[in-house]
Amino acid sequence: MSHRFQRRHLCAIVAALFVVSASGSADEPTFLPNMLPFPNGSGLAATFSTAGNVDLQGPFFQSLGTNGRSCGTCHLADQAFGISAADVRERFKKTHGRDPLFAPVDGANCPTNHQGSRSGHSLLLGSGLIRVGLALPANAQFTISVVHDPYGCAITPDAATGLPVVSVYRRPLPTTNLTFLSAIMFDGRETIAPLNNGQSFLANLVTDLTHQAIDATNIHAQGAHPPTAAQLTDIVNFELSLFTAQRSDRRAGSLTQRGAQGGAAYLASQQYYPGINDSLGADPTGEPFDASAMTLFAPWAKLTDRDAWTPQDGERNEARRAIAAGERLFNTFNISITNVRGLNDNAMLGNPTSFVGHCTSCHDTPDVGNHSLPLPLDIGTGHTSLPNLESDRDIAAGVAQLGMPNLPVFLINGCPNPFNHGQPASFYTTDPGKALVTGQCSDLNRVKGPVLRGLAARAPYFHNGGAEGLREVVNFYNERFKMELTAKQKNELIAFLNSL
């Protein structure tokens, strides 16, 4: 959002919570206090900054390009430093589509759309999607063609090289909890220095985030020149200081009571190193994978009616036990994993046709929820819901649970089938994922899983916004992997995810 509109937006929230800035002015807050609660559909989320508060005046919130955007345009404190589709729609309504968020360069379905046209911004308005135009690598092992082009710019020639530029549409990732990352961006394209070694991790993370800030200014903000070294240092230091998580649940109350360790302050103290608890056995300390990677709410599983001192406390304990039950399901529920690029074609696992895993097989970082080493996967969310184009019945059943936006659909040719050795494979996709960066068949459709903390504040979900809420997320997994969850188990998993 514009700098002025963003300040006004935050000010309204701060005023509603009876908080003013250090200057005493409710019109121009200069910072947000640590752990300032922001409401969402599940309760309250909050951010803890190792700097002592969230400074609202640094380069992160300044327009450094030519179209009025700042980093804060797509990364808002009240939305866990991501952006919700509901907020996008509110901004469009209040500014008649003139907010810098809707700059046609990537805030419209195609860069030729006029700013302020509701139909021209339908993907951003409906699913919070930003257009990402990526040139197909010259050495790509596959060919790509478009079979469904609802907006007319699915594949266009690059003006300089003539190479095809493929338009894909993705959710902006949060700019908080970055000290746990193993890859930058869904397709890892900003991971120019690897994040897989503890000794080089912090220096490489700074390098990667600096590179990402330059690209964001040049591309998203249409900068005439890159930020200064001082501005880049300030942006990266600001991002690295932030830790965001759900603070309280509207039914269970505070997520730090009765022995629970939810909330952002505990998250900021969480131990992390690349490969911690790696599910593929690559933890550099030699420690084996522990599927019980999430332990935030384990003490709540032991609460009984005798622990309730008031009727309200009894209701809260019931909700607390449900959250703990969801956490236990996340850790221990057996999932038969099949036809997942990055797992079932993974030589480290012996290319298994099927194997039993858990949610934490992919979300192995303890109490954080992403993968502690780079492991982009294709679980099926990038496949299409158009009829008769998906050959995998389980993927089709999972995708049918989602409200997929109307995305371009591409046909991929020229790659071997990773699950049927020696056989060619042609398939349809809405996003070739990491393969648009590397050109490798082995990377097709693979994207990283994001950090799970602060989920409740930043719907919709998946890289393409296909899940309107967490119920759709759970329903997708239930059908995709034939989990056969009961209604009670689904509700428990949703309660847990909402509490992260």
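Above this note sits the structure.
This is a predicted model, so every value here is computed, not measured.

Asks: I keep staring at the overall build of the chain and nothing clicks. Help me out?
Replies: For the chain, the count of helices and strands is 13 helices and 14 strands. Taking 500 residues into account, the globule formula puts the C-alpha radius of gyration at 23 Å, and the chain, at 22 Å, falls close to it. Counting only C-alpha atoms and orienting by the principal axes, one finds that the chain spans roughly 65 × 50 × 45 Å. Across the 500 residues in the chain, those meeting the buried criterion constitute 55%. Taking contacts inside the chain between residues at least 6 apart in sequence as the whole, the part at least 24 apart equals 65%. Approximately 20400 Å² of the chain is accessible, and the part contributed by carbon and sulfur atoms is 53%.

Asks: Any chance you could explain the packing of helix α5 (residues 201-220) against helix α6 (residues 229-240) here in plain terms?
Replies: Between α5 and α6, whose axes approach to 9 Å, the crossing angle comes to 120°. The pairing of α5 with α6 is recorded here as oblique in orientation. Along this stretch, α5 crosses α6, giving a crossing that reads as right-handed. Residues Leu202, Leu205, Val206, Leu209, Thr210, Ala213 and Ile214 of α5 form the contact with α6, whose own contacting residues are Leu232, Ile235, Val236, Glu239 and Leu240. By residue class, the composition of the contact of α5 with α6 is ten nonpolar, one polar and one charged.

Asks: Would you explain the sheet that holds strand β5 (residues 130-135) in this entry?
Replies: The three strands lie next to each other as β5-β8-β7, forming an open sheet whose pairing is antiparallel. In this open sheet, the two edge strands, each paired with only one partner strand, are β5 and β7 (155-157). For this sheet, the mean angle separating the axes of adjacent strands, direction not counted, is 35°. Relative to strand β8 (residues 164-170), β7 runs antiparallel, the two sharing three bridges. Note that in β8 the partner of Pro157 across the bridge is Pro164.

Asks: Just to check I follow, could you spell out the pairing of strand β11 (residues 335-338) for this structure?
Replies: Every other side chain in a regular strand lies on the same face of the sheet, so the side chains alternate between the two faces. Covered by surrounding structure in β11 are Ile335 and Ile337 only, the residues Ser336 and Thr338 on the alternate face being uncovered. Pairing between β11 and strand β12 (residues 354-357): four bridges, direction antiparallel. The partner of Ile335 across the bridge, within β12, is Gly357.

Asks: Can you walk me through the state of the cysteines in this structure?
Replies: Applying the stated criterion across every chain yields a total of two disulfides. Across the disulfide from Cys110 sits Cys153; the S-S distance is 1.9 Å. Residues Cys110 and Cys153 are joined through a disulfide that is left-handed, its torsion about the S-S bond being -90°. You can see Cys110 sitting in the loop between α3 (104-107) and α4 (122-127) and its partner Cys153 sitting in the loop between β6 (143-148) and β7, a full 43 residues away along the chain. Grouping residues by exposure puts Cys110 and Cys153 together as buried. Put simply, Cys415 and Cys441 are joined by a disulfide, and their sulfur atoms are 1.9 Å apart. Handedness here is read from the sign of the S-S torsion; for Cys415 and Cys441, about -80°, the answer is left-handed. Within this pair, whereas Cys415 is found in strand β13 (residues 409-416), its partner Cys441 is found in the loop between α11 (435-438) and α12 (470-480), the two being separated by 26 residues in sequence. Judged by its relative accessible area of 9%, Cys441 falls in the buried class.

Asks: Honestly, the nonpolar core in this entry has me stumped. Any pointers?
Replies: Note on soluble globular proteins: their nonpolar side chains tend to be buried together. Core analysis: the largest hydrophobic core is formed by 45 residues, its most contacted members being Phe297, Trp300, Phe330 and Leu497. Those elements that place two or more of their residues in this core are α8 (311-332), β11, α9 (359-362), α10 (393-399), α12 and α13 (487-498). A total of five residues in this core trace back to one element, the largest contributor, which is α8. Beyond its immediate chain neighbours, meaning those up to four positions away, Phe330 contacts Met294, His358, Cys359, Thr360, His363, Leu452, Leu493, Phe496 and Leu497.

Asks: Whenever I open this one, the packing of α8 against α13 confuses me. Can you help?
Replies: For any two helices packed against each other, the geometry comes down to the angle between their axes and how far apart the axes lie. Contact geometry for α8 and α13: axes closest at 7 Å, N-to-C directions at 95°. Between α8 and α13, the angle is such that the two are roughly perpendicular. Along the contact surface, α8 presents Ala322, Ile323, Ala325, Gly326, Glu327, Leu329 and Phe330, while α13 presents Gln489, Glu492, Leu493, Ala495, Phe496 and Leu497. Its residues assigned to classes, the contact of α8 with α13 comprises nine nonpolar, two polar and two charged.

Asks: I tried to follow the pattern of salt bridges on my own but got confused; where do I start?
Replies: Oppositely charged side chains are able to pair whenever their charged atoms sit close together. Tallied over the full model, the rule gives eleven salt bridges. Where Asp394 meets Lys482, a salt bridge forms, and the shortest distance between an N and an O atom there is 3.6 Å. Here Lys482 lies in the loop between α12 and α13 and Asp394 lies in helix α10, a separation of 88 residues in the sequence. Judged by its relative accessible area of 19%, Asp394 is buried. Its salt-bridge partner being Glu492, residue Lys488 comes within 2.6 Å of it at the nearest N-O pair. One end of the pair is Lys488 and the other is Glu492, both in helix α13 and four residues apart, which spans about a single turn. Given the relative accessible area of 10%, Glu492 is considered buried.

Asks: Help me out: how do you make sense of the packing of aromatic side chains in this one?
Replies: Where two aromatic rings form a pair, the distance of their centres and the angle of their planes describe that pair. Going through the model one piece at a time under the given rule, you end up with 17 aromatic pairs. Between Phe60 and Phe238, the aromatic rings sit 4.9 Å apart at their centres with planes inclined by 45°, giving tilted as the arrangement. With Phe60 in the loop between β4 (53-55) and α2 (85-95) and Phe238 in helix α6, the pair connects residues that are 178 residues apart, well separated along the chain. The exposure class assigned to Phe60 is buried, which follows from its relative accessible area of 1%. Relative accessible area serves as the criterion here: at 9%, Phe238 is assigned to the buried category. Pairing Phe81 with Phe238 gives two aromatic rings, centres 6.3 Å apart and planes at 70°, and the pair type is edge-to-face.

Asks: I tried to follow α5 on my own but got confused; where do I start?
Replies: Because each turn of an α-helix spans 3.6 residues, side chains separated by three or four positions in sequence point in the same direction. End to end, α5 covers 27 Å across 20 residues, agreeing with the expected 28 Å (1.5 Å per residue, within 8%). Those residues of α5 not exposed but buried are Phe201, Asn204, Leu205, Asp208, Leu209, Gln212, Ala213, Ala216 and Thr217. Phi turns positive, to about 50°, at Gln222, one or two residues after α5.

Asks: What's the story with the side chain of Asp249 in this structure? I'm lost.
Replies: By the secondary structure assignment, Asp249 is in strand β9 (residues 242-249). It is Arg251 that comes nearest to the buried, bridge-free Asp249 among opposite-charge side chains, at 5.7 Å. Within polar-contact distance, the side chain of Asp249 engages the backbone nitrogen of Arg251 at 2.9 Å. Of note is the side chain of Asp249, whose polar atom sits 2.8 Å from the backbone nitrogen of Ala252. Excluding residues within four positions of it along the chain, Asp249 makes contact with Ser42, Gly43, Leu255, Ile323 and Ser499.

Rules of the game
Residues numbered from 1 in each chain as written. Predicted model: local features only at pLDDT ≥ 70, side-chain atom pairs only at ≥ 80, totals over all residues. Heavy atoms only, no water. Helix = DSSP H or I, 4+ residues; strand = E, 2+ residues; numbered from the N terminus. Rg over C-alpha atoms; globule rule 2.2 N^0.38 Å. Buried < 20%, exposed > 50% of the residue type's maximum accessible area, 1.4 Å probe, protein only. Contact = heavy atoms within 4.5 Å. Areas by Shrake-Rupley, 256 points an atom, 1.4 Å probe, with all protein chains shown as cover. Axes fitted to C-alpha atoms, helices over the stretch in contact; angles between N-to-C directions. Parallel < 35°, antiparallel > 145°, perpendicular 65-115°, else oblique. Left-handed = near helix turned anticlockwise from the far one by under 90°. Nonpolar A, V, L, I, M, F, W, Y, C, P; charged D, E, K, R; others polar. Pairing = 2+ DSSP bridges. Disulfide = S-S within 2.5 Å. Core = buried A, V, L, I, M, F, W, Y, C linked by side-chain atoms within 4.5 Å. Salt bridge = Lys/Arg side-chain N within 4 Å of Asp/Glu carboxyl O. Phe/Tyr/Trp six-rings, centres within 6.5 Å; stacked < 30°, edge-to-face > 60°. Expected span 1.5 Å × (residues − 1). Lys, Arg positive; Asp, Glu negative; His and termini not counted. Polar contact = N/O pair within 3.5 Å; in protein donor to acceptor, adjacent residues only side chain to side chain.

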